[in-house]
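# Structure at a glance
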Amino acid sequence: MARIPPTPAAELGRISAAERPAVRPGAPVLTALRSVGPRLPERVLGALELVVDEIPLHAPRGLTRSLTDPPASGPVRAAVGTSRVLAAPADEPEAIDAVARLDRVSPGACHLVLAYVRALADHPVTGPLLVVDDRVFEVDDTSGAEPPDAPADEATLAARHGAAHLALAVAVATAVLRELDPPALGAEAPVVVGVALGSAALVLGGRPMPDAYPAALLLRRRADYRLPRHAAGCVPVIGHTFALVEDTGAPDGSHASGDGAGAGAGAPDFARNGLVDVGAGGVFVRTGVGTGRVAVSLKVLAAPPGPPPPAEAAAWDEIVDVSWTAAAGAASVIGGATRREDAPPDARSLYHQTPPWPGDYRLRVCARGRDGAGEDETYELVVWGAGPEPETVHRRSDQLGHRLRGEAPPPVASQPEARYRWVRRRSEFREAATFTVVVGAAPADVVRCFDADPDVPCSLARLRADGRTDPCLLVLPLAGDDRAVLAVEAGGSQGSRHAVLSSLSRHGLAASMFWNLNALTRLSLAQHGDVLAAFEPGPDPVPDVVLPLLRDLDLTGATDRVAKGLVVVERFTGHTVLPEHLEQMVANDVAYLINEP
């Protein structure tokens, strides 16, 4: 153990505390070795390269008999077998390459080592020798000095845990491979260290961390925690509720309010403010969708944010501040998953984000889209340290909130943009695209205006399968007698350029809506070769020519800019973009590569 470097040993030891990885195809030991990355095998081999040949072992003979004899009984034989061996990629670390070769020349050898390591780790004599404590001392300290009173830190415990299991695996691998003496490999350091690392990684994946590790990990997390911080994801919703809770178990519905709300036990009570209720272990948020997923962002601030400015408040339908007392800290935004590893991948970033210590906090819950049947339902949670205060309602305007509070709902506002929310929520082009509607041009002419060749189509499916990111164009004739065409660029922006719009509109109209991953947008209108308007909805003033098209649209707000822009495109050109249009484009599997300037 003394020759194993502490940093890679700690990395190995933390496997016991990590989420269980998905089972991958291939030989288990080799797959596990590759999963730890290239640096760990290189560092361990560098440290043990001169040690392996010097290990004094007096192992019993017959360790490898099960590889050649008839099948034996017992747990060791049960683990020995053959697996499909994956070809070794070029330029792999020496230890990984050696294990891949061993699987080819001596199938079952890696399985045999793994089986012995597992059996010894669980054996009543050898198993306790792998248990580490939290005393502070160097593993190679033979001075006999009394260790300090302070417990070992997280890195030290993880390193001892990993080093103990790796040392066992190295001893087993050395004994087995010395007896087996595989051709061209023998029991040299690369193959011994590789097999040992892969076996130790697999065994550690099913072993508990040392008893003192959770407390040491908490101390490290507290020391490493920094403010401000931000996380975002899509949270599963069950029963019209998600929660910010300290325990990653599912909310059980019992609650005792931290600020006087909903005193007693029972289901969360949203009748007072229509949005949020403080309960046992955290805070419950009432959603509009009953079962599904909602977008949630979480901010943890170092200082109070103050009341939301009018422009910021206008972006939300409901905003409520409540007080909440954390008993332990490290709260998570959860829906139905009881553990982080059980949550969808895009929800895991919202786990364990609040300060990892107890204290009093203020939470601002912002919501919009609760009346839209989940089409654009979005939430923002803002947490900062503060003593208990009365609940504060900054904004209350949606229909659901009024119903929950027992109030007469406000008049239903017209939202023509609602019919285009699917573009950013469900379409294949939701992240970045330009939608252009052209009136008065044939599809081939539209393709040429985008500087693409209509005589050289290509397969959209093949472009995607090959991982190509070349800008490409999809076109679809639209119904009607005015020769209208829908042109869609996945990730491109040609349709927002003045020269392209002028060319497209030469014999009629052209209108485009562009958006990208950086939340930049551009709405453009052109007629008879003249670009009438080209601006970013929200930040830029609305051109006069666009005003008659707005009516019940507010382009100055921060929400639904793409959907609102597409309403303007529809009103200007007289053509609606429907989900089935995009589905037909993808099904046609025809794209045209664009020669961007």
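Residues numbered from 1 in each chain as written. Predicted model: local features only at pLDDT ≥ 70, side-chain atom pairs only at ≥ 80, totals over all residues. Heavy atoms only, no water.

### Some points on the sheet that holds strand S11 (residues 433-439)
As summarised here, the arrangement of the 7 strands in space is S16-S15-S14-S11-S13-S12-S17, forming an open sheet in which the pairing is antiparallel. Every interior strand has two partners, whereas the edge strands, strand S16 (530-535) and strand S17 (592-593), have only one. Pairing of strand S15 (residues 521-527) with S16 involves 5 bridges; the strand directions are antiparallel. Looking across to S16, one finds that Gln527 is bridged to Asp530. Sitting on the sheet, helix H17 (residues 561-573) touches S11, strand S14 (509-515), S15 and S16, and the angle it makes with S14 is about 175°. The strands touched by helix H18 (residues 579-588) within the sheet are S11, strand S12 (472-477) and strand S13 (484-490), with S12 carrying the most contacts at an inclination of about 115°. (Pairing = 2+ DSSP bridges. Helix = DSSP H or I, 4+ residues; strand = E, 2+ residues; numbered from the N terminus. Contact = heavy atoms within 4.5 Å. Axes fitted to C-alpha atoms, helices over the stretch in contact; angles between N-to-C directions.)

### Topic: the confidence of the model for the protein chain
Looking at the protein chain as a whole, its pLDDT mean stands at 87, while 87% of the residues score no less than 70. Below a pLDDT of 50 lies the segment residues 69-88, which in the model reaches 35 contacts outside its immediate sequence neighbourhood of four places, other chains included. Ignoring residues within four places in sequence, the model shows residues 137-142, a span with pLDDT below 50, making 5 contacts including any to other chains. (pLDDT = per-residue confidence, 0-100.)

### Brief notes about the nonpolar core
Membership of the largest hydrophobic core comes to 65 residues, with the highest contact counts inside it found for Leu12, Leu102, Leu166, Val192, Val195 and Leu197. When residues of this core are traced back to their parent elements, those giving at least two are helix H1 (6-13), helix H2 (28-35), helix H3 (39-48), helix H5 (94-105), helix H6 (109-121), helix H7 (154-180), helix H8 (189-204) and helix H9 (213-224). Considering every element that reaches this core, the biggest residue donor is H7, with 14 residues. Each residue touching Leu102, except ones within four places of it in the same chain, is listed here: Pro107, Ala109, Cys110, Leu177, Pro182, Leu185, Val191 and Val195. (Core = buried A, V, L, I, M, F, W, Y, C linked by side-chain atoms within 4.5 Å. Buried < 20%, exposed > 50% of the residue type's maximum accessible area, 1.4 Å probe, protein only.)

### A short note on a negative patch on the surface
Residues Glu49, Asp53, Glu54, Glu94 and Glu188 make up a contiguous surface patch of negative charge. Structurally, Asp53 can be placed in the loop between H3 and helix H4 (75-79). (Patch = residues over 30% accessible without salt bridge, like charges linked within 9 Å, V, L, I, M, F, W, Y side chains within 5 Å. Areas by Shrake-Rupley, 256 points an atom, 1.4 Å probe, with all protein chains shown as cover. Salt bridge = Lys/Arg side-chain N within 4 Å of Asp/Glu carboxyl O. Lys, Arg positive; Asp, Glu negative; His and termini not counted. Charge placed at Lys NZ, Arg CZ, Asp CG, Glu CD.)

### Some details on H5
Between its first and last C-alpha, H5 extends 16 Å over 12 residues, near the 16 Å set by a 1.5 Å rise per residue. Of the residues making up H5, those classed as buried are Ala95, Ile96, Ala98, Val99, Ala100, Leu102 and Asp103. (Expected span 1.5 Å × (residues − 1).)

### Brief notes about the pattern of salt bridges
The full count for this structure, using the stated rule, is 20 salt bridges. Residue Glu92 pairs with Arg34 through a salt bridge whose shortest N-O separation is 2.9 Å. Of the two residues, Glu92 sits in the loop between H4 and H5 while Arg34 sits in helix H2, which places them 58 residues apart along the sequence. In this structure, Arg207 and Asp122 form a salt bridge, with 3.0 Å as the shortest nitrogen-oxygen distance. On the criterion of sequence distance, the pair formed by Arg207 in the loop between H8 and H9 and Asp122 in the loop between H6 and H7 is long-range, its members being 85 residues apart.

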